[in-house]
Amino acid sequence: MKTINVLFVCLGNICRSPLAEALFKHKVNERGWSKYFYADSCGTSNYHIGDPPDRRTIANARKNGIEINHRGRQLSRDDFNRFDYILAMDKENYADIAALARGISLNDKLFLMRHFDPQASGTEVPDPYYGNEEGFQQVFDILDRSLEGFLDYLAVKHSLPHEHLKR
Ligand code: 4NP
């Protein structure tokens, strides 16, 4: 069976998108859906290729019960064929993704992550890089809500089984 392939994209691939990837995998596992999905993350920039996630992101994720395992990589045009869903953290990421994809249709594939935030107090997952711990926790909370909304959307769209294995 072909997996549903999901790619999370931010600028550096060391703060927002590796956390989104790890939290998504955690939630997928909680719902008993691991066999249906493949997930990855990348950055629009080449700033942090091969780098581990930002230590503040790792620490904040751990505080919230999530372990992150990832090395930075840059988005490439191959990703537009390999992935079924591409989630952009902010509008600049979204525009950069769309620009790289010129000539390839991203209809029903490219979304802003916060499109799925039920408490959408904004449209972007803010870049926490130049901020403090409060900013990292805010990113965590936004992703937590948005990913639940995204998974509920996928459940309907792909008729995923209802029997959650929530612990
Ligand atoms: P991210 O955060 O896009 O969430 O990974 C950033 C990480 C690094 C930089 C900017 C944003 N940077 O300029 O190096």
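Given the structure is predicted, the values throughout are model-derived calculations rather than measurements.

A. View of empty space enclosed by the protein. Applying the stated criterion to the full structure yields one cavity of 30 Å³ or more. Approximately 40 Å³ is the volume found for the largest cavity. As for the largest cavity, its lining consists of C15, R16, L19, T57, N60, P128, F136 and V139. Secondary structure elements with two or more residues in the lining of the largest cavity: α1 (16-30), α2 (55-63) and α5 (133-157). Residue composition of the lining of the largest cavity, grouped by class: five nonpolar, two polar and one charged.

B. Broad picture of the pairing of strand β2 (residues 37-43). In terms of residue burial, β2 counts as a mostly covered element, since six of its seven residues are buried. Summarising the sheet, strand β1 (residues 4-10) and β2 pair through seven bridges and their orientation is parallel. Bridged to I4 within β2 is F37.

C. Representation of the site of the ligand. As a structural note, the neighbourhood of the ligand is formed by C10, L11, G12, N13, I14, C15, R16, Y47, H48, D127, Y129 and Y130. At 2.9 Å, a backbone N or O of C15 approaches an oxygen atom of the ligand. Side-chain polar atom of H48 to an oxygen atom of the ligand: 3.0 Å apart, as the coordinates give it. For the ligand, the protein covers 91% of the area, taking 360 Å² as the surface of the free molecule. Spatially, the ligand is embedded in the largest pocket.

Rules and cut-offs
Residues numbered from 1 in each chain as written. Predicted model: local features only at pLDDT ≥ 70, side-chain atom pairs only at ≥ 80, totals over all residues. Heavy atoms only, no water. 1 Å grid on protein atoms, 1.4 Å probe; cavity = no way out; pocket = protein on both sides within 12 Å on 5 of 7 lines; lining within 4 Å. Points joined across faces, edges and corners; volume = space filled by probe spheres on them. Helix = DSSP H or I, 4+ residues; strand = E, 2+ residues; numbered from the N terminus. Nonpolar A, V, L, I, M, F, W, Y, C, P; charged D, E, K, R; others polar. Buried < 20%, exposed > 50% of the residue type's maximum accessible area, 1.4 Å probe, protein only. Pairing = 2+ DSSP bridges. Near = heavy atom within 4 Å. Polar contact = N/O pair within 3.5 Å; in protein donor to acceptor, adjacent residues only side chain to side chain. Areas by Shrake-Rupley, 256 points an atom, 1.4 Å probe, with all protein chains shown as cover. Sits in = over half its atoms within 2 Å of the grid points.

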